[in-house]
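A closer look at the structure
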Amino acid sequence: MRRIATAVAAASTMTLSLAACGALGVAGDGSEASPTKGNDITVGLLLPETANTRYDKFDYPIIKNKVQELTDRQGKVVYRNADADAAKQASQLQKMIDDQVDVILLDAVDAHAIADGVQKAKDAGIPVIAYDRLAEGPIDAYVSFDNELVGEVQGRTLLEAMGGTDVDSADKIVMMNGSPTDPNAKQFKAGALSELNGTVTIAKSYDTKDWKPENAQANMAQAIKAIGSNNIKGVYSANDGMAAGVIKALEAAGVTELPPITGQDAELDAVQRILTGEQYMSVYKSYPQEAESAAEMAVAKVQGRDIQFDSLTQDQVDSPTDKDIPALLVPVVALTKNNIEETVLADGIYQLSEICTTKYKAACLAAGLDK
Ligand code: GAL
């Protein structure tokens, strides 16, 4: 069934969780780290990369603060970043198992390859909550955004920019998808294709190794050669970092009037590019909602607060290895020039002064973002 992706998406209440009725018995499933613990807990946090600014700028600090707030400032977060290296993440996970942290929040570089590590944590009695990306293996819960919806919102907004109902199905676009080891990338792509297939012509499509902007740039340069820069009427870029690479390639090919280009993550420079019109849209994902919920889940899990844990995980998802995983899927919003105020500014993600620096003053004024 196709869901309707409006600008402000409907909350993901599609699946009624059995866990909500207590039927899954989250406690006593063999993955309890220890008898109920107090506030003196250690949460292990494994994040995948640094190329994208969200992880160090938002995910980690928000989770850390929330864990401290929930534990009377006694709990701590041990954070490791894998720099897009799956083997490095596997050893970071092993170290956390050896150190006997109480619970692990895992944002996988390679969701399939990390399954062994997840099993080892489970065998050691350490619960693992998959964070943002659905790791394979016996995870206890999953917290993320509605990732298929992310793709739908991107696809739909791109079509709007290309003429809405008047869009010509012969119009060529390029698709710059995310990393093939990231299950979210598959969902973004599927969501986008549900909007784009048959409506426009997808002239070239790439999966981008490690989500790296420079890889997207190189792929875009190839696409331009094959299609011709003037024939590209739109670019689906799965995230903001890659959108920057796409823009570099188009500019290097002498394009002065950029076609509409999508993104995701509401990175600061993407918001600025949206203001100047270089990038058409991004997807704003409320990091506080995702990260604070993850912290709440982790603490509830370790402290044996099953009712609270169940109430946090009312959705359900399946991974390639596990079924009916208790989950929380947070909705997302398309971010364009028109709703900067209601999204990143309203949530305090950025201050107006960070966005509207001297270089962007005129664009800010034109968009009604007065200082
Ligand atoms: C995805 C994540 C996005 C972004 C991307 C890498 O898995 O959902 O928010 O971080 O990885 O840029």
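This text follows the structure it describes.
Let us look at the structure shown here. (Residues numbered from 1 in each chain as written. Predicted model: local features only at pLDDT ≥ 70, side-chain atom pairs only at ≥ 80, totals over all residues. Heavy atoms only, no water.)

A few points about the nonpolar core
Formally: Side-chain atoms within 4.5 Å link the members of a nonpolar core, which is a set of buried Ala, Val, Leu, Ile, Met, Phe, Trp, Tyr and Cys residues. Here the term buried applies to any residue with accessible area under 20% of the maximum for its type, exposed to any over 50%, and partly exposed to those in between, with areas from a 1.4 Å probe on protein chains only. Here a helix means four or more residues in a row that DSSP labels H or I, a strand means two or more in a row labelled E, and each is numbered from the N terminus. The source of the domain bounds is an automatic or database domain assignment. We call two residues in contact whenever any of their non-hydrogen atoms come within 4.5 Å of each other.
Ranked by internal contacts, the top residues of the largest apolar core, which has 87 residues, are Ile-63, Ile-129, Val-174, Leu-196, Met-220, Ile-340 and Ile-355. Looking at which element gives the most residues to this core, the answer is helix H9 (residues 287-302), with 9 residues. Taken domain by domain, this core gets at least three of its residues from each of domain 1 (42-146 + 286-330) and domain 2 (147-284 + 334-367). The contacts of Ile-129, once residues within four sequence positions are left out, are Val-103, Ile-104, Leu-105, Leu-106, Ala-141, Tyr-142, Val-143, Met-297, Ala-298 and Phe-309. Membership of the second largest hydrophobic core comes to 23 residues, among which are Val-101, Ile-126, Ile-139 and Leu-329.

Topic: the pattern of salt bridges
Side-chain pairs of opposite charge can arise whenever the charged atoms involved come near each other. Note the cut-off: Whenever a carboxyl oxygen of Asp or Glu lies within 4 Å of a side-chain nitrogen of Lys or Arg, that contact is scored as a salt bridge.
Counting across every chain of the model gives 17 salt bridges. One salt bridge connects Glu-290 with Arg-54, and the closest N-O pair in it is separated by 2.8 Å. Taken together, the positions of Glu-290 in helix H9 and Arg-54 in helix H1 (residues 54-70) put the pair 236 residues apart, joining distant regions of the chain. Owing to a relative accessible area of 0%, Glu-290 belongs among the buried residues under this scheme. Between Lys-209 and Asp-210 there is a salt bridge, with its nearest N and O atoms 3.2 Å apart. Judged by relative accessible area, which is 55%, Lys-209 ranks as exposed. Overlapping salt bridges bring together Glu-49, Asp-107, Arg-133 and Asp-182 as one network.

With respect to the state of the cysteines
Spelled out, the test is: Any pair of cysteine sulfurs within 2.5 Å is marked as a disulfide.
If you walk through the whole model with that rule in mind, you get 1 disulfide. Across a sulfur-sulfur distance of 2.0 Å, Cys-356 and Cys-364 are joined as a disulfide pair. Disulfide Cys-356 to Cys-364: torsion about the S-S bond roughly -95°, handedness left-handed. You'll find Cys-356 and Cys-364 in the same group, each marked buried.

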